[in-house]
Amino acid sequence: MNMQNTMSEQEILADLLTSEKHSTATYNTFITESTCANLTQNLKSILTEEHSIHENLYNIMNQKGWYPTTDAEALEVQKVKGRFKPLQG
């Protein structure tokens, strides 16, 4: 008996999106720990591509209703900005 486990389009996209999140986090770590300027520049270029892929996957999922989001309330945005303001120096 040949039983295949198949993933739905939604499951595949969700898996890809999760992989992209992990990839971008890993590239960020490599960039901050690299001591070679040439390598750092190449990693930054790859990271930019990874962010683009991530954005495309998110947009597809969001358009299909598989990754719904809501806008943050203005007060919540201001709270977050306030927490990071001291870090701006």
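Think of each chain on its own: its residues are numbered from 1, step by step along the sequence as written. For a predicted model such as this one, the threshold for reporting local features is a pLDDT of at least 70, and the threshold for listing and counting side-chain atom pairs is 80 or more; totals across whole chains, interfaces and linings nevertheless cover every residue. Calculated side-chain values reflect all of the structure's heavy atoms, with hydrogen atoms and water omitted.

1. Quick notes on the overall build of the protein chain
Part 1 of the argument: Helix numbers and strand numbers start at the N terminus; a helix is a DSSP run of H or I with at least 4 residues, a strand a run of E with at least 2. Secondary structure assignment for the protein chain yields three helices and zero strands.
Part 2 of the argument: Ordering the α and β elements of the protein chain from the N terminus gives α-α-α.
Part 3 of the argument: We compute the radius of gyration over the C-alpha atoms and compare it with the globule rule, which gives 2.2 Å times the number of residues raised to the power 0.38. Against the compact-globule benchmark of 12 Å for 89 residues, the protein chain has a radius of gyration of 18 Å, which places it well outside the compact range.
Part 4 of the argument: Expressed along its principal axes, the backbone C-alpha trace of the protein chain runs to roughly 65 × 40 × 20 Å.
Part 5 of the argument: Relative accessibility decides the category of a residue: with a 1.4 Å probe and only protein chains considered, values under 20% of the type maximum give buried, values over 50% give exposed, and everything between is partly exposed. Counting the 89 residues in the protein chain, one finds 13% classified as buried.
Part 6 of the argument: By definition, residues are in contact when any of their heavy atoms lie within 4.5 Å. Here the analysis covers contacts within the protein chain between residues at least 6 apart in sequence; of these, 57% occur between residues at least 24 apart.

2. Examining the packing of aromatic side chains
Given two aromatic rings, their pairing is described by the distance between the two centres and the angle made by the two planes.
Part 1 of the argument: Two rings belonging to Phe, Tyr or Trp (six-membered ring only in the last case) form a pair when the distance between their centres is within 6.5 Å. Interplanar angles under 30 degrees mark stacking, angles over 60 mark edge-to-face geometry, and anything in between is tilted. As enumerated under the stated definition, the model contains two aromatic pairs in all.
Part 2 of the argument: Seen in terms of ring centroids, Tyr-58 and Tyr-67 are 5.4 Å apart; in terms of plane orientation they differ by 85°. Their pairing is edge-to-face.
Part 3 of the argument: Tyr-58 sits in the partly exposed class, given a relative accessible area of 23%.

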